[in-house]
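One-letter residues, chain by chain:
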Amino acid sequence: MQVRMQALARYYASSSKRRYNAVQLDHPSPYEAVTYGFGYDSSVDDYKFVRIVYRENCNHSQLEVYTLGSGLWKTIEEIPYTFSETTDRPGLLLNGAFHWLCTAEKTSSSSEVIVSFDISNARLIDVSIPEETTKQEKLVGVLTDYLCLLSSTRSRIHVWVMMDYGVKDSWDKLFNFESYNLEWSPLWIQNSEIFMAAKNESFSYDPKKDILRYAFVFAPAKDNLRLEKQTTRVFVIM
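Residues numbered from 1 in each chain as written. Predicted model: local features only at pLDDT ≥ 70, side-chain atom pairs only at ≥ 80, totals over all residues. Heavy atoms only, no water.

(A) Molecular detail of the pattern of salt bridges. One pass over the full model with this rule turns up five salt bridges. When the shortest N-O distance is used, the salt bridge between E131 and K168 registers 3.4 Å. Here E131 is found in the loop between strand 11 (124-127) and strand 12 (137-143), whereas its partner K168 is found in the loop between strand 14 (156-162) and strand 15 (171-178), with 37 residues between them in sequence. When the shortest N-O distance is used, the salt bridge between E132 and K173 registers 2.8 Å. One end of the pair, E132, is in the loop between strand 11 and strand 12; the other, K173, is in strand 15, and 41 residues separate them in sequence. Taking the relative accessible area as the measure of exposure, E132 reaches 47% and is therefore partly exposed. (Salt bridge = Lys/Arg side-chain N within 4 Å of Asp/Glu carboxyl O. Helix = DSSP H or I, 4+ residues; strand = E, 2+ residues; numbered from the N terminus. Buried < 20%, exposed > 50% of the residue type's maximum accessible area, 1.4 Å probe, protein only.)

In structure tokens form, the structure reads like this:
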């Protein structure tokens, strides 16, 4: 996704006043792709905005971090990753780090990995993906509190979950379902069913019965999310 916004809103709230500040962002050129992330850094009690700019035909990208409290940018030049295939999706925050699917550009070779960027210490770490997914179309996601990976083979979507964060051998293929579209986001598991979102709709999937139903979430009280499923089965899966 080419970034269309020209400013990032900075918001402050207190018992006495609220105000917004606009943070100017350089607009990318037609030859640049941009991906981003926004999250809270508990180590400094502040929010950070992360932007990665990838230029076509380069074997590196530029990573920039903006801290809202200080109003300062920090630039890390030439990180050895390219992001041309995943710039339409923001980085996913898990365990204090953003995660993107990208290509690690090594000296003698390149390989597809999930890269994590810790917003507290600014460390970049490669997270290996299942070898079975190497030549498949993929998306990275977060399922409940686990890092997950969606991969596509013909007319089925496979959902992998990293059971032990950072350990390559802990990837487990949790379930798969029929679909011709990879634009799914598994969100959480409740009573052995998986709640997922796709485009502007949400669904509940029962892996035991292989049934996908429309669903929606409502909150009757604070910290009390409920999943309401429709009885109608989804026959045509996107």
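Having put the structure on the table, let's press on.
(B) Looking closely at the confidence of the model for the protein. Overall, the prediction assigns the protein a mean pLDDT of 77, with 71% of residues at 70 or greater. Mean pLDDT across the elements of the protein ranges from a minimum in strand 1 (residues 7-13), with 48, to a maximum in strand 11, with 92. A low-confidence stretch, residues 11-16 (pLDDT under 50), is modelled with ten contacts involving residues beyond four sequence positions or located in other chains. (pLDDT = per-residue confidence, 0-100. Contact = heavy atoms within 4.5 Å.)

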